[in-house]
Amino acid sequence: MELLKLCDGLDLEIKGNSNVEITGITYDSRKIMPGYVFAALHGWKDEGGRYISDALSRGASAVLCDDSQLSVDNAVVLVPKGDVAESLGKLSSKFYGNPSKSMKIFAVTGTNGKTTITYMLEKIFRRVGKGLGIVGTIAYRYGQINIPAPNTTPQSSDLHKVLRDMKDLGAWGAAMEVSSHGLVQNRIAGCDIDTAIFTNLTHDHLDYHKTMEDYKKAKFLLFDKFLATSDKPDKYSVINTDDPCGKELSLILSEKVITYGLPARADVFAKEIHMSREGTEFIASVYGKDIKVKTKLMGKYNIYNALAAFGCALTRGLNPEDIAAALSEYIPAPGRCETINLGQPFSVIIDYAHTPDALQNILSSVKEIKHNRIITVFGCGGDRDRSKRPLMGEVSAMLSDFTIITSDNPRSESAERILLDIEVGFQRKKNRNYEIVVDRASAIKRAVDMCLPEDILIIAGKGHEDYFIIGNERLHFSDKETAENMLLEKYGKNRNK
């Protein structure tokens, strides 16, 4: 696309030859090819401006940056009036033919539940013949596209390319997880949203946002900035009003709102709830109409996820019976309350819970199921919010019968130091029913060996992840694979009994 045409309608100052042909857009100088635009983004840990020379040496035709004094030979400089990242999103959307304008875009934010809700939406809309792409923590996928996700929310130039590819393969829409980092960093700029969903707000990411108030403001950007400026004609917000921040948000929104929760005051709520090891049954009351829902998922938090997906599907006119039928067929997303059954006389659940609230959710849920003991294996990641470590320790101390504290992506920190931070939570609760096993594989083996009939083993924190990060080294490791191998070795002979 000709640069002048690409920049038409965007608030950019063009310094240089605007007739140049643009062949691509990226923020990563290593991906530059001749004719590309290089966006010099301001990073949390690095500055894109440091890589301008590298981008030019690789053939970049234009540089998008906020340095109005920058002058380079044989390339155009684009200076936005506002934020570089926002301009990157708008440029990328236009370059890829504005795919979000002709697709249905469902965006989910909140501390917990985003992955499960997007996968539920995929199942629901597939049932009525409408294909949804998925953009989220596990992968960006649709049809032949299956890209492991480096970030929950991709940078805008990657996002718009993925949406374009999905649309070209026939996707009717896309369900996106939108992280607080992605919102603050304008990664969804240029994306027109149809429905935005808010799940909840609990303690997480304070290493980045510093305060819960700033974290809340980041989440609210999905609604008061990106949904508000979307060009879509029929916009909705779907809000969990049982959450205090959700309640606050529902009162300040100007778009149409569907509320969900467990009390009867919400538009979509659940009642007559029955839980077991096989799943959950409840009645979904939808604007006064009762629909029976049966899912393979455990826990009250997954009822919230189902209600969020229910509310979102209603915004597009789906029949409540079709929604309930799809939820009954839904199989948990990888690493989200995922059960393993290889003949052992106890339950094993792999879950991504890596915040105090998420850990409390999964442990509270299994406590409502008949069991002998709850044994929990978990850790906390390094170079992340330290303040949540003792809080997660407190949660496990209160809700588990025994806990094995272990490593979880220590990165540049000492694994032993992280485990001591977690141990503080057990000391606060005067709980001694725990042990520390630094090696994660050894911790899982220890837990499997100590399980008795009717116990429930929760392996929390990593979920779908198949890697382990120590320093700058990324090693292959999967909780599911590790547990399966140990269970097969010990109980595999019982599988067909």
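In the block above lies the structure referred to throughout.
Computed from a predicted model, the values in this text were never measured in an experiment.

Here we come to helix H14 (residues 415-428). With 14 residues, H14 extends 21 Å between its outermost C-alpha atoms, agreeing within 8% with the 20 Å of an ideal straight helix rising 1.5 Å per residue. Taken together, the buried positions of H14 are occupied by Ala415, Ile418, Leu419, Asp421, Ile422, Glu423, Gly425 and Phe426. Those residues of H14 that are buried are in contact with strand E19 (374-378), helix H13 (388-399), strand E20 (402-405) and strand E21 (434-436). A positive backbone phi angle near 50° is found at Lys430, which sits one or two residues after H14.

Turning our attention to helix H11 (residues 320-329). In an α-helix, one turn spans 3.6 residues; hence positions three or four apart end up facing the same way. Looking only at H11, the buried set comprises Pro320, Ile323, Ala324, Ala326 and Leu327. Projected down its long axis, H11 carries its buried residues within an arc of 160°, all on one side. If you follow the buried residues of H11, they end up packed against helix H4 (114-127), strand E16 (289-295) and helix H10 (300-314). One side-chain oxygen at the N-terminal end of H11 lies 2.8 Å from the backbone nitrogen of Glu321; it belongs to Asn319.

Attention shifts here to a negative patch on the surface. On the surface, a cluster of negative charge is made up of Glu47, Asp66, Asp67 and Asp83. Its place among the elements puts Asp67 in the loop between strand E4 (62-64) and strand E5 (76-80).

Before going further, it helps to spend a moment on the pattern of salt bridges. Per the counting criterion, the structure on display carries 38 salt bridges. Note that Asp322 and Arg127 form a salt bridge whose closest N and O atoms lie 4.0 Å from each other. Here Arg127 lies in helix H4 and Asp322 lies in helix H11, a separation of 195 residues in the sequence. For Glu281, the salt bridge identified is with Lys292, shortest N-O distance 3.8 Å. With Glu281 in strand E15 (residues 279-286) and Lys292 in strand E16, the pair connects residues that are 11 residues apart, well separated along the chain. In this structure, a network of salt bridges that share partners links the residues Arg386, Arg389, Glu413, Arg417 and Asp421.

Moving on to the side chain of Asp421. With respect to the helices, strands and loops of the structure, Asp421 is situated in helix H14. Not counting chain neighbours up to four residues away, the residues in contact with Asp421 comprise Arg386, Arg389 and Pro390.

Reading guide: rules and limits
Residues numbered from 1 in each chain as written. Predicted model: local features only at pLDDT ≥ 70, side-chain atom pairs only at ≥ 80, totals over all residues. Heavy atoms only, no water. Helix = DSSP H or I, 4+ residues; strand = E, 2+ residues; numbered from the N terminus. Expected span 1.5 Å × (residues − 1). Buried < 20%, exposed > 50% of the residue type's maximum accessible area, 1.4 Å probe, protein only. Contact = heavy atoms within 4.5 Å. Arc of directions from axis to C-beta. Polar contact = N/O pair within 3.5 Å; in protein donor to acceptor, adjacent residues only side chain to side chain. Patch = residues over 30% accessible without salt bridge, like charges linked within 9 Å, V, L, I, M, F, W, Y side chains within 5 Å. Areas by Shrake-Rupley, 256 points an atom, 1.4 Å probe, with all protein chains shown as cover. Salt bridge = Lys/Arg side-chain N within 4 Å of Asp/Glu carboxyl O. Lys, Arg positive; Asp, Glu negative; His and termini not counted. Charge placed at Lys NZ, Arg CZ, Asp CG, Glu CD.

Everything listed here is a matter of geometry and, on its own, says nothing about what the molecule does.
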